Protein chains: 2
Amino acid sequence: MTKNKRVVIAGMGFGGIRAARVLAGRGLDVVLVDRNNYHLFQPLLYQVATAGLEQESIAHSVRAMARSWSGTRFHLAEVAGVNFISHEIQTDNGLLPYDYLVIGAGSVTNFFGLESVKRHAFDLKELADAEILRNHILTAFERAVIEPDPARKRALMTFVIVGGGPTGVEFAGALIELVHFVLAKDYPDLNTGAARVVLVEATDKLLASMPEKLRTYTLKKLRSMSVEVLLNARVVDAGPERVVLHDGTVIPAHTLFWSAGVKAAALSDVLDAPHKAGGRIPVEPDLTLPGHPDVYVIGDMAYLEQDGAALPMIAPVAMQMGIYSGRAILSKERGTTLPPFCYHDKGSMATIGRNAAVASAFGMDFRGYLAWLVWLLLHLYYLIGFRNRIVVMLNWVWYYWFHERQVRLITKREGQSHE
Amino acid sequence: MTKNKRVVIAGMGFGGIRAARVLAGRGLDVVLVDRNNYHLFQPLLYQVATAGLEQESIAHSVRAMARSWSGTRFHLAEVAGVNFISHEIQTDNGLLPYDYLVIGAGSVTNFFGLESVKRHAFDLKELADAEILRNHILTAFERAVIEPDPARKRALMTFVIVGGGPTGVEFAGALIELVHFVLAKDYPDLNTGAARVVLVEATDKLLASMPEKLRTYTLKKLRSMSVEVLLNARVVDAGPERVVLHDGTVIPAHTLFWSAGVKAAALSDVLDAPHKAGGRIPVEPDLTLPGHPDVYVIGDMAYLEQDGAALPMIAPVAMQMGIYSGRAILSKERGTTLPPFCYHDKGSMATIGRNAAVASAFGMDFRGYLAWLVWLLLHLYYLIGFRNRIVVMLNWVWYYWFHERQVRLITKREGQSHE
């Protein structure tokens, strides 16, 4: 009996779990590797950070998924490197040999070398980030209510969000609604109307990938919700209580949130391959690493141009790459070859607030209530775990009916370590 | 216009929130103080620790509660001491003057001076404790699956629980069910049948306050679920991978859980009052601190004898004391006096596992399915927050139907700090 060939999938993000689904039950030994024991639904992190969802509801155990994927095993480990000669990956839990390797370690926040920003800004990439940011926001209001100095009180209630992409827009909208609908009632002694949410975008547009009509709607809608949108503005420096813009403007703000860029995960540095901007690794049209036809790089780490532009670092690209890499491996095992990877852009969307979203799909543009409904349904659909879907839907219904976000818990006091 | 008298309630546990409810809307200025911004439903911590519930579902924002309690305000602060002369409490967020003070700071785990146990044991008093313990249990299985040494593998799957009270019994039952029903399917490569749950009790009985018939049922039921129950046994020493009993027996175990005792919270040390065993403070029959008729001590911190025995440190006592203290203050304001506090024992209960609980109430004993149903309903009833009730019920139904506990996430790797 010949031993089954082994596929190692490094990273259980949007791409990795789809590759696993394709490869399961096809006579291969599939090893799933991640440093967390769960798949994280990153697009909803901002709702955890704004007290709308339990953190557990947007994560799903990899072992729970693997139960229905026959021939797969999970290995909890952080991948440190790849030995392409011996066909092994190095992890903090030992070596794992592979016949095929699928690498989808995702991305981390890119602060573009701004050290003071990196030190003082919050970001949303990991589950813990969302809890830390929620604790910070709620603690800021607790401090504001007892702060005697009016200027410091206002700074505690001022939130600067950098980056006008979907994350920045969604976070800004969710945050201002948290303040106006929920915290205003929680803090009757506090003038929450003085709270500021400032969205800073370096270019002249929000949601750059959207059609102009939707971009205009987004800008108007955010401003009508009293988000201060600053276009053509850049943050150049930050301290614990202030944010400095390119023109010298100082915004006294206790909270800086950074969603102005991502770069490939650190793993890309240790792969012996040339890098593009943001540490992304150029791949062949079949997503393999040049010179290594048994190694696939997918998702945010992969750099691939299509129609003259690099594919964006977004979940739909990762999902399609994950499926493709799985199918490509199955094809090779059958001795056939797939046509090159081709990304099908099904559209993009962002939610701004209650009953307000923008969506561009099927060659059509939606905005307002309908786009918002489509956004809700698609996010529920892509969320992994049936129970998670119910809990998330429950929270959304609750918020819709009662204007209540129940998870406004400060689970750790700032400066307090966890152990 | 005379200023309203101010009642400060220190501690938003079972007693504190009930005192607040009684005092709200009665023309008093009521200040609610807690170091957390939520009320914690401690009796379900063990279900968070065994991956059955989200941590957020057993906590509820004090500000959310205070919205419907008119005349109340919340003050997030840790109480450091009381100045009985100037009628002020000292907090890490400044001084708070009071006319009446209700102290219900609860209890902490009592390790009875066993330093090695204190260092290595887990306990369940705070919300973070439950998440830490869940992470530890799940990490132990992740380590067991890759551990080559059979003895260490078994130690990683061995859990020693100290204390045969309700917490110990409930945790033991929930843990062995987690292993047999859930983790057995998550870890097909691991012989989870070799996992050990050892319940160590110093006396000759479990659930000492229960009638003998129910104690016997509990013992039999736990043993039928393959929990190893050691009676008349004490833990005297512990290390990271072993637990030592009074007779020298060494149990190789990676996890030690301590629920063998509680003592009054540290605040009791700074109150200038004599202490009883466990740091509890003797109170007058009207729950006031001797010599301080405007200071009430309630819940686990209060020492009061009734029918020749000290009242137990349990939630129902705290709840009744909270209500009493509120009513006593209202009476004083009206110039009347309440009869002394009298605890009405409505019974006690503990759940052992699926369809199995014991309850002693209304002079009757229940066990098995009926007691289990009553346990579920009463816990849902006492849980604060309607949405929490729905989420908890959803999890219970899920577990009942599918034998699934979905929150088996390792949200922090061990040794990893949170910031």
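Within each chain, residue numbers correspond to sequence positions counted from 1 in written order. Written order determines the labels here, with chains lettered from A and ligands numbered from 1. Only residues with pLDDT of at least 70 get local features here, since the model is predicted, and only at 80 or more are side-chain atom pairs given and counted; chain-wide, interface and lining totals rely on the full set of residues.

Overview of the overall build of chain A
Piece 1. When you go through chain A residue by residue, the secondary structure sums to twelve helices and 28 strands.
Piece 2. Between the two quantities, the radius of gyration covers C-alpha atoms and the globule rule is 2.2 Å times the number of residues to the power 0.38. A globule of 419 residues ought to have a C-alpha radius of gyration of about 22 Å, and chain A, at 22 Å, matches this closely.
Piece 3. Oriented by its inertia axes, the alpha-carbon framework of chain A measures out at about 75 × 50 × 40 Å.
Piece 4. Burial analysis of chain A (419 residues in total) assigns 52% to the buried set.
Piece 5. Here, residue contact means that the backbone-derived C-beta atoms of the two residues sit within 7 Å. By sequence separation, contacts in chain A at least 24 residues apart represent 64% of the contacts at least 6 residues apart. Secondary structure elements are defined from DSSP: runs of H or I of at least 4 residues count as helices, runs of E of at least 2 residues count as strands, and each element is numbered from the N terminus. Every C-beta atom is placed from the backbone, and the number of other C-beta atoms within 10 Å of a residue's own sets its class: buried at 20 or more, exposed at 12 or fewer, partly exposed in between.

Topic: the sheet that holds strand β27 (residues 356–361) of chain B
All names here are of chain B.
Piece 1. Only when DSSP finds a minimum of two bridges between them are two strands counted as paired. The sheet built from three strands is open, its strands ordered β26-β27-β28 with antiparallel pairing. Looking at strand neighbours, the two that pair on one side only are β26 (348–353) and β28 (364–368), the edges of this open sheet. Strand-to-strand twist in this sheet, taken as the mean axis angle between neighbours without regard to direction, amounts to 5°.
Piece 2. In the sheet, β26 pairs with β27 via five bridges, with the strands oriented antiparallel. Following the sheet pairing, Ser348 is matched in β27 by Ser360. Between N-to-C directions, angles cover 0 to 180 degrees, with each direction set by a line fitted to C-alpha atoms, over the stretch in contact for helices.

Considering the interface of chain A and chain B
Piece 1. Contacts between the two partners involve 37 residues from chain A and, on the opposite side, 37 residues from chain B.
Piece 2. Split into classes, the residues belonging to the side of chain A that touches chain B amount to 15 nonpolar, nine polar and 13 charged. Any residue that is not Ala, Val, Leu, Ile, Met, Phe, Trp, Tyr, Cys, Pro, Asp, Glu, Lys or Arg is counted as polar, Gly included; the first ten are nonpolar and the last four charged.

Details of the environment of Gly104 of chain B
Residue and element names in this part refer to chain B.
Piece 1. Topologically, Gly104 is positioned in the loop between β9 (100–103) and β10 (107–109).
Piece 2. Gly104 sits in the buried class, given 29 other C-beta atoms within 10 Å.
Piece 3. Taking the C-alpha atoms as reference points, Gly104 and Gly15, 89 residues apart in sequence, are found 6.5 Å from one another.
Piece 4. Ignoring sequence-local partners within four residues, the contact set of Gly104 consists of Ala10, Gly11, Gly13, Gly15, Gly16, Ile298, Gly299, Met301, Ala318 and Gly322.

Quick notes on the domain arrangement of chain A
Piece 1. Here the domain parsing of chain A yields domain 1 (6–35 + 77–109 + 262–334) and domain 2 (115–260 + 347–402).
Piece 2. These domain boundaries are the output of an automatic or database domain assignment. Between domain 1 of chain A and domain 2 of chain A, the C-alpha centre-to-centre distance is 32 Å.

Some points on the relation of the copies chain A and chain B
Piece 1. Each copy superposes on the other: chain A lies on chain B with an RMSD of 0.0 Å after a rotation of 180° and an axial shift of 0.0 Å. What the superposition gives is, in effect, a two-fold axis relating one chain to the other. Copy-to-copy alignment: least squares on C-alpha atoms, limited to residues at pLDDT 70 or above in both.

Describing the sheet that holds strand β14 (residues 228–230) of chain B
Residues and elements named next belong to chain B.
Piece 1. Ordered in space as β11-β18-β12-β13-β14, the five strands form an open sheet in which the pairing is parallel. Each edge of the open sheet is held by one strand with a lone partner, namely β11 (121–122) and β14.
Piece 2. As defined by bridge partners, strand β12 (residues 158–162) adjoins strand β18 (residues 255–258) across four bridges and the pair is classed as parallel. Note on β18: the bridge partner recorded for Val160 is Leu256.

Remarks on the confidence of the model for chain A
Piece 1. Summing up the model confidence of chain A, the mean pLDDT is 94 and the portion of residues at 70 or higher is 98%.
Piece 2. This prediction of the complex comes with two scores: 0.95 for pTM and 0.93 for ipTM. Predictor confidence is given residue by residue as pLDDT, running from a minimum of 0 to a maximum of 100.

Considerations on the packing of helix α1 (residues 14–23) of chain B against helix α10 (residues 315–334) of chain B
All names here are of chain B.
Piece 1. Where α1 contacts α10, the two axes come as close as 7 Å, and the packing angle between them is 30°. It follows that α1 is roughly parallel to α10 by the angle criterion. Of the two elements, α1 crosses α10, and the hand of that crossing is right-handed. Here α1 contributes Phe14, Gly15, Gly16, Arg18, Ala19, Val22 and Leu23 to the contact with α10, which in turn contributes Ala315, Ala318, Met319, Met321, Gly322, Ile323, Ser325, Gly326, Arg327 and Ile329.
Piece 2. A breakdown of the residues in the contact of α1 with α10 according to their chemical character gives ten nonpolar, five polar and two charged. Under this scheme an angle from 65 to 115 degrees is roughly perpendicular, one under 35 degrees roughly parallel, and one over 145 degrees roughly antiparallel; angles in between are oblique. With the far helix as reference, a near helix turned anticlockwise by less than a right angle produces a left-handed crossing, and one turned clockwise produces a right-handed crossing.

Some points on α10 of chain B
All names here are of chain B.
Piece 1. For α10, which comprises 20 residues, the first-to-last C-alpha distance of 29 Å matches the rise-based estimate of 28 Å (1.5 Å per residue) to within 8%.
Piece 2. Buried within α10 we find Val317, Ala318, Gln320, Met321, Gly322, Tyr324, Ser325, Gly326, Ala328 and Ile329.
Piece 3. Next to the buried residues of α10 lie β1 (6–10), α1, β9, β22 (292–297) and β23 (302–303).
Piece 4. Immediately downstream of α10, the backbone of Gly335 shows phi near 85°, a positive value. One fewer than the residue count of a helix, multiplied by 1.5 Å, yields its expected span.

As for the pairing of strand β12 (residues 158–162) of chain A
Residues and elements named next belong to chain A.
Piece 1. For β12, the tally of buried residues reaches five of five residues, placing the bulk of the element in the interior.
Piece 2. Here β12 shows two buried faces, one formed by Thr158, Val160 and Val162 and the other by Phe159 and Ile161.
Piece 3. By the bridge criterion, five bridges tie β12 to strand β13 (residues 196–200) in an arrangement that is parallel. Across the sheet, the residue bridging to Thr158 is Arg196, located in β13.
Piece 4. The path from the first strand over the helix to the second decides the hand: if it runs clockwise while the strands point away from the viewer, the crossover is right-handed. Note that the unit made of β12, helix α7 (residues 166–186) and β13 has a crossover that is right-handed.

A few points about the pairing of strand β9 (residues 100–103) of chain A
Residues and elements named next belong to chain A.
Piece 1. Across the two faces of β9 the burial is the same, with Tyr100 and Val102 and Leu101 and Ile103 all buried.
Piece 2. Where strand β1 (residues 6–10) and β9 come together, four bridges link them in parallel fashion. The residue of β9 that forms the bridge with Ala10 is Ile103.
Piece 3. Sheet topology places β9 next to strand β22 (residues 292–297); three bridges connect them, and they run parallel. Directly across from Ile103, in β22, lies its bridge partner Val297.

Details of the nonpolar core
Piece 1. In this usage, the nonpolar core is the set of buried Ala, Val, Leu, Ile, Met, Phe, Trp, Tyr and Cys residues whose C-beta atoms join them within 7 Å. Counting residues in hydrophobic clusters, the biggest one holds 279 residues, and the most contacted among them are Leu101, Ile161 and Val297 of chain A together with Leu101, Val160, Ile161 and Val297 of chain B.
Piece 2. Filtering out sequence-adjacent residues up to four positions away, Ile161 of chain B remains in contact with Gly168, Phe171, Ala172, Val197, Val198, Leu199, Val200, Phe257 and Ser259 of chain B.

A few points about unusual backbone geometry
For residues other than glycine, phi is negative in most cases, and the peptide bonds are mostly trans.
All names here are of chain A.
Piece 1. You will see that Phe362, though not glycine, has its phi angle at about 55°, which is positive.
Piece 2. Position of Phe362 relative to the elements: it lies in the loop between β27 (356–361) and β28 (364–368).
Piece 3. With 9 C-beta atoms counted inside 10 Å, the residue Phe362 sits in the exposed group.

Some points on the environment of Ile298 of chain A
All names here are of chain A.
Piece 1. Examined against the element boundaries, Ile298 turns out to sit in the loop between β22 and β23 (302–303).
Piece 2. Counting along the chain gives 23 residues from Ile298 to Met321, while the straight-line C-alpha distance between them is 5.6 Å.
Piece 3. Those residues within four positions of Ile298 in sequence are excluded, and the remaining contacts are Gly15, Val102, Gly104, Leu287, Ala318, Met321, Gly322 and Ser325.

Notes on the environment of Leu40 of chain A
Residues and elements named next belong to chain A.
Piece 1. Counting through the fold element by element, Leu40 comes out in strand β3 (residues 38–40).
Piece 2. Distance in space between the C-alpha atoms of Leu40 and Gly193 is 34 Å, their sequence separation being 153 residues.
Piece 3. When neighbours within four sequence positions are excluded, Leu40 is seen to be in contact with Ile58, Ala59 and Leu127.

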